[in-house]
Structures are given as C-alpha cells and as structure tokens.
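Coordinate analysis (summary)
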Amino acid sequence: MDTPSKVSYLVVGSEEAGQRLDNYLMKHLKGAPKSLIYRIVRSGEVRVNKGRADVTYRTVEGDQIRIPPIRLAEPSAKPSQAAAARGPALPILYEDEALLVIDKPAGVAVHGGSGVSFGVIEQLRALRPQAKFLELVHRLDRETSGILLVAKKRAALVAMHEMLRNDRGMDKRYLALVKGVFPDARRHVRFKLQKYVTADGERRVNVTPDGQDSHTVFNRKAAFAGATLLECELKTGRTHQIRVHCAQSGFPILGDDKYGDFALNKALPRQGLKRMFLHAWRLTLNHPISGEPLKLEAPLPLELQTYMNSLESL
C-alpha cells in the first residue's frame, strides 16, 4: 500500500555532506525508484536552499532540502545481517581505521536502487552495524568487477573526493578485453562526454561537442585472434568513460550490453563469457590520512581469466 507524504524539509548534517543529491535523496526516500527521484529533481520540485539543483550537485553541511509530496511504498525492513550474509562474498583487499578496500564481484550494484534491494554499501552496513561511518568513495558499474574504495571516516572521504575531482592523486587501471586487434602499443583517447538519463532512470553517455573532457590511455597487454586485452589508464573519471572510449575507438568491450557489439555479445555466453570483460585491477594513491603510498591490486576473476586462456594468442 502506498503512503502519501507531505512537503518536508531536511537539513544536511556533517556526516552527509559531499554526497550527490540523487544518492542523498535515495537514502532518505526509501522505496522511491531512481526514475522518480530524477523526475522530481529535473522538474524543480526538489529545492536546495530554495533554488533548483542538478542530481549531480554535492551536498554541503547546512543545506536545506525541500522534498515535495510523493507516494512511497510502505517501507520494508532494512537488510538484516542474515540477508546481508546471503549476499556475495566481498573480499577485503585492504583495511585500516580510515579506509576499506574490497574486490567487488560483477553483477553486484554498489548501492541499492533501481530494483536492487541493497548493494555493496548496504551489505557492509548490515554486516557492520557498529560502524559509525561507511560511505562509497566512487562507483563501479554493476557489471564491472574489481577495486572499490569505501571510506570509514569523513576526513578520508573528503580527501579522496578531492583527489577524484582534481583528476589527480589516484592512478586507476582497468583491464578490458575488446573486439578486434588493437594496432597500437599505447594510445591516448580523448572525447567530450555528456551524461543523460533514459525514461526509466538509467544512466547513459554519448559523445557531443559540448560535453566534458575525458582522457583514457590504452596500453595493449595481449593480442588474440579477434580480441585484444587492454590496460585502461584513467586520466579523468567520467561515467562509463572506458566503455564509451572503447566503443568510439572501434574496439567495443566484449559483453558490454550498453555500448558493445550486440550481435557478438549474443554468441559470447556459448563461448564461455557470460559478463562484460571489464575489471578494475590496480589502484595507487597516497593514503588520505597518513599520506603514505598505497598500491592496491585485484587479480582477474577466474571466469575472465579462464575465458582469456581459451583464446588463441597472436
């Protein structure tokens, strides 16, 4: 049964500052589909300090958020520890008092929403009810596996967000298996990218002259008959950047259901590849609190390594 709401006002606290507006609203409007949240923000029904704001706006402590009257499903119980335990294993690559680094499996969302009852961050909070602070530093697409940073302190989150905003301080490397034989040992790729949202709230990206600058360096790691393993070195961190850069360069990622070769993708499961071949495998940064250098690595998942081993090398 739906429950109608009234106009309400929320004030952003210190522990909530720095979040994207859409993520902030999803946390407070339990049960609201992402498409609804995007719609009420775009229409101006959500107000930040009495003004309009974009879903990408990052909250500031003291912001007053106006929430319009909406109908929400009756809130369900929060994920229990038992429910979280039934989720996929989240291998820990590194942990200290400020930072938690996990090796995210493919097929797992980083947070709940869009039909997902709970994602990685909800699972971690359910498994660690005593934790005072757990927040995602960045995102990985549901289909992408690999290194995911979670802050355990507000100071760590702010420091790492600053690194990401300035496109420096973090060296992020992904491994992607793409269609075709990539001819260059190393290639710089730059496109202007623009995000848009489909009617059902799904994020997409296209190349447009007035988009945001983006830059990826492709390093050829191995060549096979009809495919190439690329190390993708992110110089900027735009949504779906690697996926779009590969596709626009004529070398779509195998198994990519948004920007890939759809005819080829249909044949891949029979050949042993049942997911997108994109994995966040290496990340280097200075520790957000101590400043000490960190080098984090997550090896290729078994299903990706097995598929690549089945290919004929050139």
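About the thresholds
Residues numbered from 1 in each chain as written. Predicted model: local features only at pLDDT ≥ 70, side-chain atom pairs only at ≥ 80, totals over all residues. Heavy atoms only, no water. UniProt positions renumbered as here; feature names shortened; annotations may be inferred. Phe/Tyr/Trp six-rings, centres within 6.5 Å; stacked < 30°, edge-to-face > 60°. Helix = DSSP H or I, 4+ residues; strand = E, 2+ residues; numbered from the N terminus. Buried < 20%, exposed > 50% of the residue type's maximum accessible area, 1.4 Å probe, protein only. Contact = heavy atoms within 4.5 Å. Axes fitted to C-alpha atoms, helices over the stretch in contact; angles between N-to-C directions. Parallel < 35°, antiparallel > 145°, perpendicular 65-115°, else oblique. Left-handed = near helix turned anticlockwise from the far one by under 90°. Nonpolar A, V, L, I, M, F, W, Y, C, P; charged D, E, K, R; others polar. Salt bridge = Lys/Arg side-chain N within 4 Å of Asp/Glu carboxyl O.

Identification of the protein as Pseudouridine synthase from Chitinimonas viridis is taken from an unreviewed UniProt entry. Per UniProt, the comment on the protein under Sequence similarities (unreviewed entry) is "Belongs to the pseudouridine synthase RluA family."

1. Digging into the packing of aromatic side chains
Summed over all chains, the structure comprises two aromatic pairs. With a centroid separation of 5.9 Å and an interplanar angle of 90 degrees, the aromatic rings of F182 and F218 are classed as edge-to-face. One end of the pair, F182, is in the loop between β10 (170–179) and β11 (186–197); the other, F218, is in strand β13 (residues 212–224), with 36 residues separating them in the sequence. The exposure class of F182 is buried, given its relative accessible area of 1%. On the basis of an interplanar angle of 65 degrees and a centroid distance of 5.0 Å, the ring pair of F182 and F251 is categorised as edge-to-face. In this pair, F182 sits in the loop between β10 and β11 while F251 sits in the loop between α6 (241–248) and α7 (262–271), placing the two residues 69 residues apart along the sequence. Aromatic rings pair up to connect F182, F218 and F251 into one cluster.

2. Let's talk about α6
Residues spaced three or four apart along an α-helix point in a common direction, a consequence of the helix completing one turn every 3.6 residues. Across the eight residues that make up α6, a large majority, six, are buried. All buried positions along α6 are accounted for by Q241, I242, R243, V244, H245 and C246. Where α6 is buried, its residues touch β10, β11, β12 (203–207), β13, β14 (227–234) and β15 (278–286).

3. Examining the packing of helix α1 (residues 21–28) against helix α2 (residues 34–42)
Running from N to C, α1 and α2 cross one another at 120 degrees; their axes reach a closest spacing of 10 Å. One way to sum up the angle between α1 and α2 is to call them oblique. Considering the relative orientation of α1 and α2, their crossing is right-handed. Between α1, through L21, D22, L25 and M26, and α2, the contact on the second element is made entirely by K34, I37, Y38 and V41. A class-by-class count of the residues in the contact of α1 with α2 yields six nonpolar, no polar and two charged.

4. As for the pattern of salt bridges
Enumeration according to the criterion identifies 24 salt bridges in this entry. Ionic pairing is found between K258 and E202, a salt bridge with its closest N-O pair at 3.1 Å. On the criterion of sequence distance, the pair formed by K258 in the loop between α6 and α7 and E202 in the loop between β11 and β12 is long-range, its members being 56 residues apart. Assessed through its relative accessible area of 15%, K258 is described here as buried.

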